Amino acid sequence: MITETFVQKMEEIVGASYVRKTGADLELYSYDASLVTGRPGLIVFPATTEEVSKVLKAAHDHGVPSVARGFATNLSGGTIISDGGLVISLSRFDEILGIYPESRYAVVQTGVTNLELQDALSPLGLFYAPDPASQKVSTIGGNVGENSGGPRCLKYGVTSNHILGMQMVMADGEVVEIGGPAFDPPGYDVRGLVVGSEGCVGIVTEITVRITPKTESVITMLAVYDAISDAAKTVSEIISTGIVPNTLEMMDNTIIQAVEKGGPCGYPTDAAAVLIIEVEGVAVGLKEQAEKIREICMATGCRDVKTAKNQAERDLLWKGRRGAFGAICNLSPNYLVNDGCVLRTKLPEALERVKAISDQYGCPVGNVFHAGDGNLHPLLMFDSRNEAEVEQVHKAGWDIMAVCAELGGTISGEHGIGHEKQDAMSMVFSGHDLNTQQNVKLALDPSDLMNPGKIIPLPPEGSDRLPDQEPTILKRPGGKDATGVSEAIEAIKQAKNENRAIRLAGSGSYNGMGNALTAEPVSINSLQMKEIIEYDTENQFITVGAGMSLMELQEKLAENNQWLPIRPPFCKPESTTGGIVAMAAVGPERSSYGAPRDMLLGLQYIDSNGQMVSTGGKVVKNVAGYDMTRLLTGSAGTLGLITEASWKIATRPEACQLASAVGSLEACATVAAEVIASNLLPNSVTAVQQNGDWQLMVGFEGIAGVVSYQIEQCLGLMSKAGLKDGAHRDYPVVEGCFTEIYATLEQQPFVAQSEVALGKVSQAYQKIEKICSPEAALIDFGCGRIFASFSSLDTTQWDNMNNVFSGAQGHGKLLKSTDDFRKGNDVYGLKKSEWQLTHMIKSALDPEGVFSPGALPGRA
Ligand SMILES: Cc1cc2nc3c(=O)[nH]c(=O)nc-3n(C[C@H](O)[C@H](O)[C@H](O)COP(=O)(O)OP(=O)(O)OC[C@H]3O[C@@H](n4cnc5c(N)ncnc54)[C@H](O)[C@@H]3O)c2cc1C
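Residues numbered from 1 in each chain as written. Predicted model: local features only at pLDDT ≥ 70, side-chain atom pairs only at ≥ 80, totals over all residues. Heavy atoms only, no water.

1. Notes on the overall build of the protein
Operational definition: Think of it this way: any DSSP run of H or I at least four residues long counts as a helix, any run of E at least two long counts as a strand, and we number them from the N terminus. For the radius of gyration, the atoms used are the C-alpha atoms, and the globule rule reads 2.2 Å times the number of residues raised to 0.38. Working definition of accessibility: Shrake-Rupley area with a 1.4 Å probe, residue cover restricted to the visible protein chains. Counting rule for charge: Lys and Arg are taken as positive, Asp and Glu as negative, and neither His nor the chain ends is counted. To locate a charge, take NZ of a lysine, CZ of an arginine, CG of an aspartate or CD of a glutamate.
From N to C terminus, the protein includes 29 helices and 35 strands. Scaling as 2.2 N^0.38, a compact globule of 860 residues should have a C-alpha radius of gyration of about 29 Å, and the protein matches this with 26 Å. Each of the three principal axes of the protein carries a C-alpha extent, and together these read 80 × 65 × 55 Å. Element-wise, carbon and sulfur atoms account for 49% of the exposed surface of the protein, whose accessible area totals about 30,200 Å². One way to put it: in the protein the 70 positive side-chain charges average out to a point 2 Å from where the 102 negative ones average out.

2. Here we look at the packing of helix H13 (residues 347-361) against helix H14 (residues 387-406)
The test is simple: For helices, the fitted axis covers only the stretch in contact; all axes are lines through C-alpha atoms, and the angles between them, taken along N-to-C directions, range from 0 to 180 degrees. Angle categories: roughly parallel below 35 degrees, roughly antiparallel above 145, roughly perpendicular from 65 to 115, and oblique for all the rest. Left-handed is the label given to a crossing in which the near helix is rotated counterclockwise from the far helix by less than a right angle, and right-handed is the label when the rotation is clockwise. We call two residues contacting when some pair of their heavy atoms lies within 4.5 Å. Residue type decides the class: Asp, Glu, Lys and Arg count as charged, Ala, Val, Leu, Ile, Met, Phe, Trp, Tyr, Cys and Pro as nonpolar, and the leftover types, Gly among them, as polar.
Between H13 and H14, whose axes approach to 9 Å, the crossing angle comes to 160°. Taken together, H13 and H14 sit at an angle that is classed as roughly antiparallel. Like other packed secondary-structure pairs, H13 and H14 cross with a definite hand, here right-handed. Counted together, Arg-353, Val-354, Ile-357, Gln-360 and Tyr-361 of H13 and Gln-392, Lys-395, Ala-396, Asp-399, Ile-400, Val-403 and Glu-406 of H14 form the full contact between these two elements. In terms of residue class, the contact of H13 with H14 is built from six nonpolar, two polar and four charged.

3. Things to note about the site of the ligand
Cut-off, in case you're wondering: Neighbouring residues are identified by heavy atoms, a residue being near a molecule or strand if any of them is within 4 Å of it. Distance and chemistry together define a polar contact, namely a pair of N or O atoms within 3.5 Å, with one atom able to donate a hydrogen and the other to accept it when in protein, and with adjacent residues in sequence counting only for side-chain atoms on both sides.
The ligand sits among 36 residues. The nearest are Ala-68, Gly-70, Thr-73, Ser-134 and Thr-139. At 2.8 Å, a backbone N or O of Ala-133 approaches an oxygen atom of the ligand. Between the ligand and Ser-148, the relevant distance is 2.7 Å, taken from an oxygen atom to a side-chain nitrogen or oxygen of the residue. Relative to its free-state accessible area of 980 Å², the ligand is covered by the protein chains to the extent of 95%. When contributions to the shell around the ligand are tallied by element, the ones reaching two or more residues are strand E3 (66-69), helix H5 (140-146) and strand E10 (203-210). Sorting elements by how many residues they give to the shell around the ligand places H5 first, with five residues. By residue class, the composition of the shell around the ligand is twelve nonpolar, 20 polar and four charged.

4. What about the domain arrangement of the protein?
In plain terms, the rule: Bear in mind that the domain bounds are from an automatic or database domain assignment. By buried area we mean the combined loss of accessible area, with a 1.4 Å probe, across both parts when two parts are placed together. Counted as salt bridges are all cases of a side-chain nitrogen of Lys or Arg within 4 Å of a carboxyl oxygen of Asp or Glu.
Each assigned domain of the protein is listed with its residue range as follows: domain 1 (4-89), domain 2 (96-213), domain 3 (214-331), domain 4 (334-416), domain 5 (479-651) and domain 6 (655-824). On a C-alpha basis, the centres of domain 2 and domain 5 stand 27 Å from each other. Contacts between the two partners involve 20 residues from domain 2 and, on the opposite side, 16 residues from domain 5. Buried area between domain 2 and domain 5, both sides added, is near 1,500 Å², and the carbon and sulfur share of it is 48%. Of all residues in domain 2, Tyr-188, Asp-189 and Leu-193 bury the most surface against domain 5, accounting for 35% of the area lost on that side. Residues Arg-597 and Asp-189 are paired through a salt bridge, measuring 2.8 Å at the closest nitrogen-oxygen approach. Put simply, domain 2 and domain 5 have seven residue pairs in polar contact (both at pLDDT 80 or more) between them. Looking at which element gives the most residues to the side of domain 2 that touches domain 5, the answer is helix H7 (residues 190-194), with three residues. Residues belonging to the side of domain 2 that touches domain 5 are distributed by class as follows: six nonpolar, nine polar and five charged.

5. Let's talk about the packing of aromatic side chains
Counted only if it meets this: Here a Phe, Tyr or Trp ring, Trp counted by its six-membered ring, pairs with any other such ring whose centre lies within 6.5 Å, and the pair is stacked when the planes are under 30 degrees apart, edge-to-face when over 60, and tilted otherwise. In this scheme, a residue with accessible area under 20% of its type's maximum is buried, one over 50% is exposed, and one in between is partly exposed, where area comes from a 1.4 Å probe on protein chains only. Counted as over-ring charges are cases with an Arg CZ or a Lys NZ within 6 Å of the ring centre that also lie within 35 degrees of the ring normal.
Scanning the entire structure with this criterion turns up eleven aromatic pairs. Seen from their ring centres, Phe-570 and Phe-787 are 5.8 Å apart, and the 85° between their planes marks the pair as edge-to-face. Linking Phe-570 in the loop between strand E23 (562-563) and helix H19 (577-583) with Phe-787 in strand E34 (residues 785-790), this pair joins segments that are 217 residues apart in sequence. Judged by relative accessible area, Phe-787 falls into the buried class, the value being 0%. Members of the aromatic cluster, each reached through a chain of ring pairs, are Phe-570, Phe-738, Tyr-742 and Phe-787. The ring of Tyr-18 carries the charged tip of Arg-92 above its face, separated from the ring centre by 3.3 Å.

6. Comments concerning the sheet that holds strand E5 (residues 96-100)
Going by this rule: Pairing between strands requires that DSSP locate at least two bridges from one strand to the other.
On the basis of which strands lie adjacent, the open sheet formed by five strands has the order E5-E6-E10-E8-E9 and antiparallel pairing. One side of each edge strand has no neighbouring strand; the edge strands of this open sheet are E5 and strand E9 (175-179). Ignoring strand direction, the axes of neighbouring strands in this sheet form an average angle of 10°. Pairing analysis gives five bridges linking strand E8 (residues 163-169) to E9, with the strands arranged antiparallel.

7. Description of a negative patch on the surface
Applied cut-off: Each patch is built from salt-bridge-free residues with over 30% relative accessible area, joining like charges within 9 Å and nonpolar side chains (Val, Leu, Ile, Met, Phe, Trp, Tyr) within 5 Å.
Side chains of Asp-94, Glu-95, Glu-116 and Asp-119 sit close together on the surface and give a patch of like negative charge. Overall, Glu-95 belongs to the partly exposed group, its relative accessible area being 47%.

8. Describing the side chain of Glu-51
As for its placement among the helices and strands, Glu-51 is situated in helix H3 (residues 49-62). The side chain of Glu-51 is buried and forms no salt bridge, while Arg-92, the nearest opposite charge, is found at 4.3 Å. At a separation of 2.8 Å, a polar atom in the side chain of Glu-51 contacts the main-chain amide nitrogen of Ala-47. In this view, Glu-51 contacts Ile-13, Val-14, Pro-46 and Arg-92; residues no more than four positions away in its chain are not counted.

9. Side note on the pattern of salt bridges
A side chain with one charge can pair with a side chain of the opposite charge if their charged atoms come near. For the coordinates displayed, the defined rule picks out 40 salt bridges. For Asp-226, the salt bridge identified is with Arg-303, shortest N-O distance 2.9 Å. You can see Asp-226 sitting in the loop between strand E12 (217-225) and helix H8 (228-240) and its partner Arg-303 sitting in strand E15 (residues 302-307), a full 77 residues away along the chain. Residue Asp-226 is classed as exposed on the basis of its relative accessible area, which comes to 52%. Residues Glu-559 and Lys-556 are paired through a salt bridge, measuring 3.2 Å at the closest nitrogen-oxygen approach.

10. Let's talk about the sheet that holds strand E1 (residues 19-20)
Strand order in the open sheet made by the four strands is E1-E2-E4-E3, with mixed pairing throughout. With partners counted over all chains shown, the strands left at the sheet margins are E1 and E3, one partner each. Where strand E2 (residues 42-44) lies against strand E4 (residues 86-89), three bridges are found, and the strand directions are parallel. Among the inter-strand pairings, Ile-43 is bridged to a residue of E4, identified as Val-87. The sheet contacts of H3 involve E2, E3 and E4, and relative to E4 the element is tilted by about 170°.

11. Some details on the nonpolar core
The line we're drawing: To define a nonpolar core, start from buried Ala, Val, Leu, Ile, Met, Phe, Trp, Tyr and Cys residues and group those joined through side-chain atoms within 4.5 Å.
Leu-117, Val-209, Ile-411, Met-425, Leu-553, Leu-564 and Trp-647 are the most contacted members of the largest nonpolar core, which totals 95 residues. When neighbours within four sequence positions are excluded, Val-209 is seen to be in contact with Arg-104, Tyr-105, Ala-106, Leu-117, Tyr-128, Ile-140, His-162, Ile-163 and Leu-164. Counting 47 residues, the second largest nonpolar core, distinct from the first, contains Leu-665, Trp-694, Cys-714 and Met-718.

12. Topic: unusual backbone geometry
Backbone geometry at Asn-147 places phi at a positive 55°, although glycine is not the residue there. On the secondary structure map, Asn-147 appears in the loop between H5 and helix H6 (153-156). Of note, Asn-499 is a non-glycine position whose phi angle comes to about 55°, a positive value. Looking at the element boundaries, Asn-499 is found in the loop between helix H17 (485-497) and strand E19 (501-505).

13. Quick notes on the packing of helix H23 (residues 665-677) against helix H26 (residues 761-771)
Two elements in contact, H23 and H26, have axes whose closest approach is 10 Å; the angle formed by their N-to-C orientations is 160°. What the angle tells us is that H23 and H26 run roughly antiparallel. Between H23 and H26 lies a crossing of right-handed hand. Where H23 abuts H26, its residues Leu-665, Glu-666 and Ala-669 lie against Ser-762, Tyr-765 and Gln-766. By residue class, the composition of the contact of H23 with H26 is three nonpolar, two polar and one charged.

14. Topic: helix H9 (residues 253-262)
Taken together, the buried positions of H9 are occupied by Ile-255, Ile-256, Ala-258, Val-259 and Glu-260. Elements that come into contact with the buried residues of H9 comprise strand E13 (247-252), strand E14 (273-281), helix H11 (311-322), helix H12 (324-327), strand E17 (365-370) and strand E18 (378-382). The residue sitting at the N-terminus of H9 and contributing the capping side-chain oxygen is Asp-252; that oxygen lies 3.2 Å from the backbone nitrogen of Thr-254. Looking one or two residues past H9, Gly-263 carries a phi angle of roughly 145°, positive in sign.

15. Notes on the environment of Ile-203
Looking at where Ile-203 falls in the secondary structure, it is placed in strand E10. Excluding anything up to four places from it in sequence, Ile-203 contacts Val-52, Leu-56, Ala-68, Ile-88, Leu-90, Gln-167, Met-168, Val-169 and Met-450.

Set out below in structure tokens:
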């Protein structure tokens, strides 16, 4: 606990004026935006990573638990530390360290608020996509801690989709760099794990965020309803047509009244509900999209659709939405907000049941929520001075979480678990799932000093494990009962009993990747697991056995004009979806659709004990627990056999067209940069080496008219820059346009893949050319990626290449190499400090190292 010696140590590290220990200060820091309270023992305000490191080292040495605090707007008790622990406030980390528009990233200190970053980016025509309603007062570090969402996340995804890297201080004071400006670093997705970890695995001091160009045009509408269920129907209907608005935000009459009482925002006070709908993109075709949306609204019971005529009207509509939580003070002294998520089509039922719960417990409710994501925010009103009301409101909150779990959703979409919801984690996870999550936390914080006692329910007295029971409410189909799973469980147990190493596989098409194994393995595969476990066309998700090939899956989805928007390179007809998850394989479409990590909603896998573990769920927003789904994605068979995966799917684009032209690499790179900086929205921007010349290829996908317009514009840019042979053609939705170049690349014994900062990709390639001339190459300007193949490669050339990748703020790996080469070299290139975290997690989840020993980066 906190002793006088410890206080003195803190004063030495941060200076006496940055240490608070008086009663009034301690009282002040006993609160966050939740209803949880707890008095800390000391508060410190470090200003540098070095100070944070020293503070944590001292806390570690003295056994003092600590919690990172941004601006404490979290709604789950995440920043409350009871029993006299240490609060580490990050309010002095308030600088934007750099904005790099050409490489589409920015580096910020953790205490910069979301709005400060937006304000700095806006004049450059850029934005940071996650936009929590609390953006004025919530920090980027806090957004990372909670994996925050916001209105815009329907189209752009939540915080995790936009974090590229971070500097983090571990519990013992060690500083690690995780990721960086380049996409998809090798090793486990530690960034994905840290995002949403609520300060329980380390303190993040600097963050590299992905930034996005503003679109050319935006249309904001207000749809007005006489019945809230009609508004919910509109939401499902819009998404199922394939239009993805950037926002679909709903407010009910109670919220409308509260907001309008605080100052008119143009919401009709007699409406049962309003929807704020916003679409954006290239100007061409946008009005037609808005008109289609208006028609859907009117066909689903809407009374009226108003369109904002200018920025002032748009701002007013948003002012009301962003101020909705605060406006509750016009109706009630306190509120408890839930943030469970349900499948979109279940919104009407969920809202009815929320109303019934509110009536049952006598706490009036107002609803304001991210309807497009099915993310509810019932605000339950009460008076905290009345103990009976406090008790009732907590019961109502618990019941609402249970309803969300029962409707196939989750207990938290974006606000986090903290103290407030930790017991409810048992509604959606088994005891073993939760123990596995806790193992990951303890792998990174073995003394359990970082924000202890949060997220995972506390085990019963006298035990350090939770009992091995099934989730109390959520029923997950598939699991142990799915075809082939029990056989695989037995096979893993048997191999383990025989002390055999195990190579986990799908069809084996990716077997040659990764480092050489250090023991001769038995192979266990997922090929029998081919079932469709659940397919919900309306809510646009599918759960399939990991042994189903991507091709079979796409064929099934095509029957409903849907698809899974990934086109993994080197994918064979037999390549399984499980294998693709394990390899996190993704092509140039990543820049627009995202990677498998962004499309996976949940997984089930068999761990090294032969036990089933479930991660995530089937709703698009889910912050219940550590992000084990991301951890497994790209784990390359070293953590467990993935048995099934739930994917977010999409409506197939109406058109896919490619504009191409030929020129030097420099000319192609110049045009690529122009296209990326323009108002156009390409799906891929690449160049392929062809007979000594380069062909620039720019793909566009979506509504046919909008695609044709963009193709025309793009060919114009190509021609203006002097590129020759400008042409355009259609390409198939599922296969995309790179199958030929992948086949050419694969013909060589060595194939390298590297990701670097976007703006540095062509210079990096030119340096690689000098080290070892590639036989074929694909440069992906949209993702900062290079694929190159070589007829031969030696250690010195590989080392030199890795120095180039590292100099361009990236990394490289060999997708294909000879057995001889793999014996003496790490196919993941230069050692990185974050790899130690990969190995710490591997040791915690596979302590005997049965799965693919030696395969990980940095070799064991
Ligand atoms: C009116 C209102 C509206 C809101 N609207 C939204 C919304 O639209 N969407 C949404 O998702 N949330 C929303 N929230 C919740 C909240 O604002 C977010 O969770 C926000 O990200 C918290 O940021 P913060 O700086 O306040 O973090 P804090 O509350 O200080 O911390 C949040 C968590 O992150 C950890 N943490 C903080 N900084 C670090 C760090 N540097 N390193 C490691 N861990 C760290 C903390 O320990 C804690 O567990 C809203 C809250 C309010 C009060």
